[in-house]
Amino acid sequence: MDLQFTPEEEAFRAEVRAFLQEHLPRDLAAKVKAGQRLTRFDQENWHAILNKKGWLAYHWPVQWGGTAWTPIQKFIFDDESARAGGPRLVPFGISMLGPVLIRYGSEEQKKHWLPRILDGSDWWCQGYSEPGAGSDLASLKTTAVRQGDHYVVNGQKTWTTQGQHANMMFCLARTDKAAKAQSGISFLLIDMNQPGVEVRPIRTLDGDAEVNEVFLTDVRVPLENLVGEENKGWTYAKYLLTYERTGIAGVGFSVASLEKLKLIASRVQRNGKPLAEDPQFATRMAQVEIDLENMKTTNLRVLAAVQGGGVPGAESSMLKIRGTVIRQELLSLIRRAMGPYALPYIEEAQHAGWGEPPVGPPEAATAAAAYFNYRKLSIFGGSNEIQKNIISKTILGL
Amino acid sequence: MDLQFTPEEEAFRAEVRAFLQEHLPRDLAAKVKAGQRLTRFDQENWHAILNKKGWLAYHWPVQWGGTAWTPIQKFIFDDESARAGGPRLVPFGISMLGPVLIRYGSEEQKKHWLPRILDGSDWWCQGYSEPGAGSDLASLKTTAVRQGDHYVVNGQKTWTTQGQHANMMFCLARTDKAAKAQSGISFLLIDMNQPGVEVRPIRTLDGDAEVNEVFLTDVRVPLENLVGEENKGWTYAKYLLTYERTGIAGVGFSVASLEKLKLIASRVQRNGKPLAEDPQFATRMAQVEIDLENMKTTNLRVLAAVQGGGVPGAESSMLKIRGTVIRQELLSLIRRAMGPYALPYIEEAQHAGWGEPPVGPPEAATAAAAYFNYRKLSIFGGSNEIQKNIISKTILGL
Amino acid sequence: MNFELNEDRRMLADALGRFLSEQYPPEVRNRVAYGDQGYSPDVYGKLAEIGAIGALLPEEQGGFGGEGADIALVFETLGSHLVAGPVLGALLVGRALVLAGSDAQQQRLAGLIDGSVLAAFAHDEPANHYELERVATTARRDGDGWVLHGAKAVVPFGDQAQLLLVSARTAGDVGDAQGISLFLVPGDAPGVKTRGYGRIDGGHAAEVSFENVRLDADALLGGEGEGFALLERIVGYGLLALSAESLGAMERAKADTLEYLRTRRQFGVPIGSFQALQHRMADLLLEVEQARSAVINAAAAIDEGDRIAREKALSAAKYSVGKIGTLVAEETIQLHGGIGMTWELPLAHYAKRLVMIDHQLGDMDHHLARWMALRD
Amino acid sequence: MNFELNEDRRMLADALGRFLSEQYPPEVRNRVAYGDQGYSPDVYGKLAEIGAIGALLPEEQGGFGGEGADIALVFETLGSHLVAGPVLGALLVGRALVLAGSDAQQQRLAGLIDGSVLAAFAHDEPANHYELERVATTARRDGDGWVLHGAKAVVPFGDQAQLLLVSARTAGDVGDAQGISLFLVPGDAPGVKTRGYGRIDGGHAAEVSFENVRLDADALLGGEGEGFALLERIVGYGLLALSAESLGAMERAKADTLEYLRTRRQFGVPIGSFQALQHRMADLLLEVEQARSAVINAAAAIDEGDRIAREKALSAAKYSVGKIGTLVAEETIQLHGGIGMTWELPLAHYAKRLVMIDHQLGDMDHHLARWMALRD
């Protein structure tokens, strides 16, 4: 049992850190640390910088432009990036569709689509959820009917994150109405720049508009945009959902949030002393920090098991739950630390470049909005309840 | 909305207090406050004292020896009694069988059995639970077969509290094997002083032996000991289970425990200051005290609704859950306050009259044992999980 | 002991509830709460007309209520309809006038009661964190009158109030309970600057600064330097009101979630049939009932003469609703799943309000610590 | 980074586990743990023979292990079999001898390692509450030697130990970190009085008093008056050991409960099919995994030179297992229902041990407060 990173791992960490130091734009990192909303350009720019280095799709095979990083290296990259204020990578192309194509796509599909993900030619979004079918994909209603060399797709998708930016959507649609539950579903790639595709923003409770509804009316999809076999889409969708995600615990996010929290708590005064010395608040901070220290090791244990050839299945459910609980608690403490200044909400202050002086401490501008927005962590991507069901079945055998 | 007790209620409180002051034996109160185990004599003696005053079966109708107390008066009595160190009344005859007989028993049964409950001629125990049928009474296996003027009963009962003292048991047995689930069950009164009845103690985790297994082998029960109709026992059992119990929240118990806790926390030192001033411990104490203050009012609200003609149903589930959580938390804090002195366990110190000096603070003798013993609060009498099922169905309509 | 409402109160609650149900549905509420003013003057006027503000004040001063139960009832109803508006300011300033106002000062009550005057309570400052005694704003004597200087933070509707009640230091150091005085300041007095903004939970607030604002002698409310006790009493009314408002919002969030659990189907059954969710709802129910009891205790204690008993009950209530309200907000969003995250769903706005109530007049940590410090 | 055990450790764990499974089933354990001595000298001898004690100490001093991982492994195994016995005493006294013993003093290690000498750590006192620096027992110089006077509380197996390691004050006031010294005291020295008793979780402990006990000069372990740092190091080993023991017991309690949920039927189905119980077990699993990580962190930190980092990891672990162990105890009893309350069920004894570990060497509150106070 050795808890130290190896010298090679430490060297890798230094390399990542130096790269970030040199190439991560300062203003972008500042936005991320302030919790401000990123523009499309911000995200594309960061993707391009990483792609130039060859680190964008780091978990892909080398032949398709990935790296040969170990799980621990991936963890180190995520960790360093989050600490430095690197934006979260937009996962739809890189982490979601990419692995599915690599595993199940045809050679033509790989050659066509994978480079376009890397160079940013396509911005992908995910067409899984439907109104009335959140965690229960089996009740999917969108249909795809074959007509000559096309499918004709009709239906409605929802919770489509960043759908407003996307020109392509990978989408689950029912190709066999007679089949039950999860069979009869196919995995299609849909060009969104065509008549019949309508994207409507869904405003979230914090005032943000990052998720969308997508209406599909007689949308045409060439047959070559079917991934794998017809009616087997559920298999690919499951693969995507359980695809090993080193970053699921969000350790880097939490470490960065904790640092922010500590800074705030050292500045904000309660009863003439820093909030960090208030017994109630200090206790909450200590509890979440210990929880995070423990989870870091839990995360590394899972990664080490993967590295040793183990297969993480439900362990990612474990990391997801604990990770979101900790992230949400940290956001909650940052909100609390703001005192009455959690109340003001100024739309312009959610973005960088607002020229006005802040209302209250600078962190107050986004504290409450971020707290509310990140309630989604325990809901999207398989709610924590679904994750507990998975743990119950897979690990506990109940 | 008036939260004050009326002058009549205050006068009643004074009367109860004066009675307890005069008639509750000092040594008995001391035992109760120290959490020591009570003897059979202790309990019979207290019953006799209350019976003499006419306050033993206070919730029975006056014609059978009860009082005409309002729910608030009953609450006041319970509250004062618990504060003064009055022992909990043994519920099996008074609170459980009594109301069933009054509602469903024949005139003969009432005339015969009710006075014997009051004067202590019979000590009753409850024969509901069976191995393999805890909260699920429908899977009851004990049988009663009619033979002439008797039933012949065979089976096994368990969790029979104070069965070692009892000479009579009210018992559920299956009289119709063909009937499904809850039908086909009858409610029988069994004389335990006969061959075929064997009582074996079950030792609980704290070392106590207050619950028992009861084995019934060809036990004879005269037909006149059938309560109500044959095969309708489930109705009577349910009535008993949901019978209005003013004391279910255990407010008096909690108030007495809180006082004990505060006393201990003012004496035990941590870092040279009373534990009551330790931020961590003081916070825990404050939280449970506020929770208790709130629950007192919740309890009174339910009682006032009953007094006003409302019918408490699932509300008693609410009080049961919250009441046990608070009682268990208080016992947990008393245990924690003992520090290392929670570890010693001396059997003799669980009873009064142990001549040796205590090991550690006097409260330490029973602190850990009581904490473990009272884990039962959330299990017996319908586990808190069952109570949540009831709330979910009855109040929430889920 | 009696927990029923009397007839007058029942009628007021019915009238208020009916008006709000009809005239203030969620889409109207959101339009005005997140709009330019953060409230609807029309609705506010109508609330005053129905008697919602008068009910907060005693008869001797022109109100027709003013007991703890009245205040709790009005704010519970406002909470259950998520009313954004300056009612809290009317309560706090009104009760301050009742408690300490001269006859002349009490003349202002009529305008509060009929809704024609919008009042705001300005106590928090950029450098305090819910503490009552940390006042850095100063008032110094100047001839017959006073000169007020300093800045107040997050004053609800402070950008639109015609009447501000301002805490200021006339003696002592920041942090001293002694030396605080309260002043009635016209919103348009020269030197009063406001920076208004919307709030995340709807409604408006403002940063209000006072740059050597000249006040007449009769601006002083109560005794000079002895404002702390009055401040505590005023805030106490606020604690009761916010606690009751929270309760109303909780009940509504709970009811909406129950409805959702009953109707929303997943895996072929209503999700309310999943036992794990049932037990969480049962837990929530228990908590909400505890919150209701806490509000009842606070309502009963608000006019209690024994300071310790009164303030403990008030802090216990605010602590309870802070903790429980946040739990209810987080759980009801979670139980709704994705839809719970959307602006469209009324619940989301109830959830925001529930959490934000914990940021007004002291959060759960503040009030738990205060409760512990309040000793006989 | 590697979380696998090396070959030697795997073999030791297997041997220990096999022996305990065969020779120390629950009925044997309970008979000896609640018996006259609170442990089985035979079993203890056998544990020593297998190497469980030697594994706790470094090779230079005659052991064959002594790293954090060795200690964690041995105690996790002891915990999973609920071993009652004086192993903790051997660890603490043994590590004290390793850290500060003269060559002559270290001669005593052999007897600890082969199990022939029973050792106990006597630090707690009737008037302290887990604090390391609150020592009222005194030792004053007397010629070449010392005179020890005072009383120690709840010393595990203090009634049967041949060798006591006692903290005493040679200077300063109760509560000072300075002025504490450690002494090796024979259990049968004149003036040593013990009052032994059983513990609620099995095993024995004793009140030990010293009535002017004369000690030779070489009874002093380490520097005079500078015992605090040594005390902290010794207790640190105890924190790691107890945390690992707790982890072993938790895993077993979890496994037993899972088995029960799978086999126990109610309403016609296994109770493990009820979703509310499933989710609670999932929560428990998450917590136990966090506890395991905390133990790993502590094991990695035990020999860390940076005091703050080391002690924070140790306190974090003890806090974590205190909190999680208590939760596991309460939840696993509850999930078992009535049967979980019975003496017959092995789980009940695991639950008692889990809770009582929180009463040894500092509870969760103590260690959370200590963690917060430990600053760079």
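Quick caveat, the model's predicted, so the values are computed rather than measured.

The rules we used
- Residues numbered from 1 in each chain as written.
- Chains lettered and ligands numbered in written order.
- Predicted model: local features only at pLDDT ≥ 70, side-chain atom pairs only at ≥ 80, totals over all residues.
- Heavy atoms only, no water.
- Helix = DSSP H or I, 4+ residues; strand = E, 2+ residues; numbered from the N terminus.
- Contact = heavy atoms within 4.5 Å.
- Areas by Shrake-Rupley, 256 points an atom, 1.4 Å probe, with all protein chains shown as cover.
- Lys, Arg positive; Asp, Glu negative; His and termini not counted.
- Charge placed at Lys NZ, Arg CZ, Asp CG, Glu CD.
- Rg over C-alpha atoms; globule rule 2.2 N^0.38 Å.
- Buried < 20%, exposed > 50% of the residue type's maximum accessible area, 1.4 Å probe, protein only.
- Buried area = accessible area lost by both parts, 1.4 Å probe.
- Salt bridge = Lys/Arg side-chain N within 4 Å of Asp/Glu carboxyl O.
- Polar contact = N/O pair within 3.5 Å; in protein donor to acceptor, adjacent residues only side chain to side chain.
- Pairing = 2+ DSSP bridges.
- Domains from an automatic or database assignment.
- Nonpolar A, V, L, I, M, F, W, Y, C, P; charged D, E, K, R; others polar.
- Phe/Tyr/Trp six-rings, centres within 6.5 Å; stacked < 30°, edge-to-face > 60°.
- Expected span 1.5 Å × (residues − 1).

Helix and strand content of chain C: twelve helices and ten strands. Seen through its principal axes, chain C has C-alpha atoms that stretch 80 × 45 × 40 Å. Taking as baseline every contact in chain C between residues at least 6 positions apart, the subset at least 24 positions apart corresponds to 73%. Element-wise, carbon and sulfur atoms account for 48% of the exposed surface of chain C, whose accessible area totals about 12500 Å². Distance between charge centres in chain C, computed from 34 positive and 52 negative side chains, equals 4 Å.

What follows concerns the overall build of chain A. Looking only at helices and strands, one finds twelve helices and ten strands in chain A. In terms of C-alpha radius of gyration, chain A reaches 22 Å, essentially the compact-globule figure of 21 Å for 398 residues. Per-residue burial for chain A yields a buried fraction of 58% across its 398 residues. Accessible surface for chain A amounts to roughly 15600 Å². Of this, 52% is attributable to carbon and sulfur atoms. When the 45 basic and 44 acidic side-chain charges of chain A are each reduced to a single mean position, those positions are 4 Å apart.

Further remarks concern the interface of chain B and chain D. Listed by partner, the interface residues are 51 residues for chain B and 48 residues for chain D. Taken over both partners, the interface formed by chain B and chain D buries close to 4100 Å², and the fraction arising from carbon and sulfur atoms is 59%. It is B:Leu205, B:Pro340 and B:Leu343 that lose the most area in chain B upon contact with chain D, and together they represent 18% of the buried surface on that side. Scanning the region where chain B abuts chain D turns up four salt bridges. With a shortest N-O distance of 2.7 Å, B:Glu385 and D:Arg280 are connected by a salt bridge. Scanning the region where chain B abuts chain D turns up 18 residue pairs in polar contact (both at pLDDT 80 or more). Of all the secondary structure elements, the ones that give two or more residues to the side of chain B that touches chain D are β9 (269-270), α9 (279-307), α10 (315-337), α11 (364-373) and α12 (384-394) of chain B. Ranked by residue count, the leading element in the side of chain B that touches chain D is α11(B), at five residues.

The next thing to look at is the pairing of strand β2 (residues 143-147) of chain A. Within a regular beta strand, the side chains point alternately toward one face of the sheet and then the other, so they alternate between its two faces. All names here are of chain A. In this structure, β2 lies alongside strand β3 (residues 150-157), joined through five bridges in antiparallel fashion. Bridge pairing links Val145 to Val152 in β3. Here β2 folds back onto β3 in antiparallel fashion, the turn holding two residues, of which Gly148 has a positive phi close to 65 degrees.

We now examine the domain arrangement of chain A. Residue and element names in this part refer to chain A. Domain annotation for chain A reports domain 1 (7-89), domain 2 (123-231) and domain 3 (248-396). Taking only C-alpha atoms into account, the centre of domain 1 sits 20 Å from that of domain 3. With 14 residues of domain 1 at the interface, the matching set in domain 3 holds 21 residues. Where domain 1 meets domain 3, there are one salt bridge. Residues Glu347 and Arg37 are paired through a salt bridge, measuring 3.4 Å at the closest nitrogen-oxygen approach. Between domain 1 and domain 3 we count five residue pairs in polar contact (both at pLDDT 80 or more) in total. When contributions to the side of domain 1 that touches domain 3 are tallied by element, the ones reaching two or more residues are α2 (26-34) and α4 (71-84). Element by element, the count of residues in the side of domain 1 that touches domain 3 is highest for α4, at six residues. Looking at the side of domain 1 that touches domain 3 residue by residue, the classes come out as five nonpolar, three polar and six charged.

In this section: the interface of chain A and chain C. With 51 residues of chain A at the contact, the number on the chain C side is 49 residues. Of the roughly 4100 Å² buried between chain A and chain C on both sides combined, carbon and sulfur atoms contribute 59%. The interface formed by chain A and chain C holds four salt bridges in total. One can count 18 residue pairs in polar contact (both at pLDDT 80 or more) joining chain A with chain C. For the side of chain A that touches chain C, the element with the most residues is helix α11 (residues 364-373) of chain A, which contributes five residues. Taken together, the residues of the side of chain A that touches chain C sort by class into 27 nonpolar, 14 polar and ten charged.

To describe a pair of aromatic rings, you give the distance between the ring centres and the angle between the ring planes. Counted according to the given criterion, the structure contains 46 aromatic pairs over all chains. Between A:Tyr58 and A:Phe77, the aromatic rings sit 5.3 Å apart at their centres with planes inclined by 65 degrees, giving edge-to-face as the arrangement. On the criterion of sequence distance, the pair formed by A:Tyr58 in the loop between α3 (40-53) and α4 and A:Phe77 in helix α4 is long-range, its members being 19 residues apart. Looking at A:Tyr58, the relative accessible area reads 8%, which means it is buried. Ring geometry for D:Tyr39 and D:Tyr44: centres 6.1 Å apart, planes at 85 degrees, overall edge-to-face.

This brings us to the pattern of salt bridges. With the rule as written, the count across this model stands at 97 salt bridges over all chains. Across the salt bridge formed by B:Lys110 and B:Glu107, the nearest N and O atoms sit 3.7 Å from each other. Of the two residues, B:Lys110 and B:Glu107 both sit in helix α6 (residues 107-118), three residues apart, roughly one turn of that helix. Look at B:Glu107 and you get partly exposed, because its relative accessible area is 41%. One network of salt bridges, with partners in common, ties together A:Arg13, A:Arg17, A:Asp79, A:Glu80 and A:Arg83.

For the rest of this paragraph, the subject is the side chain of D:His366. With respect to the helices and strands, D:His366 occurs in helix α12 (residues 364-373). By relative accessible area, D:His366 is classed as buried at 16%. Ignoring any residue separated from it by four or fewer positions in sequence, one finds D:His366 in contact with B:Arg270, D:His129, D:Tyr130 and D:Glu131.

Residues and elements named next belong to chain A. Its 17 residues give helix α8 (residues 251-267) an end-to-end C-alpha distance of 24 Å, which sits within 8% of 24 Å, the value for a rise of 1.5 Å per residue. All of the buried residues along α8 are Val251, Gly252, Ser254, Val255, Ser257, Leu258, Leu261, Ile264 and Ala265. On its buried side, α8 packs onto α4, β10 (273-274), α9 (279-307) and α10 (315-337).

Now for unusual backbone geometry. In most cases, non-glycine residues show a negative phi, while peptide bonds are predominantly trans. Positive phi is not limited to glycine here, since B:Asn231 has a value of about 70 degrees. The topology assignment puts B:Asn231 in the loop between β8 (226-227) and α7 (233-242). Residues other than glycine seldom take positive phi values, yet D:Leu361 does so here, at roughly 55 degrees. Mapped onto the elements, D:Leu361 comes out in the loop between α11 (346-357) and α12. By relative accessible area, which is 16% here, D:Leu361 ends up buried.

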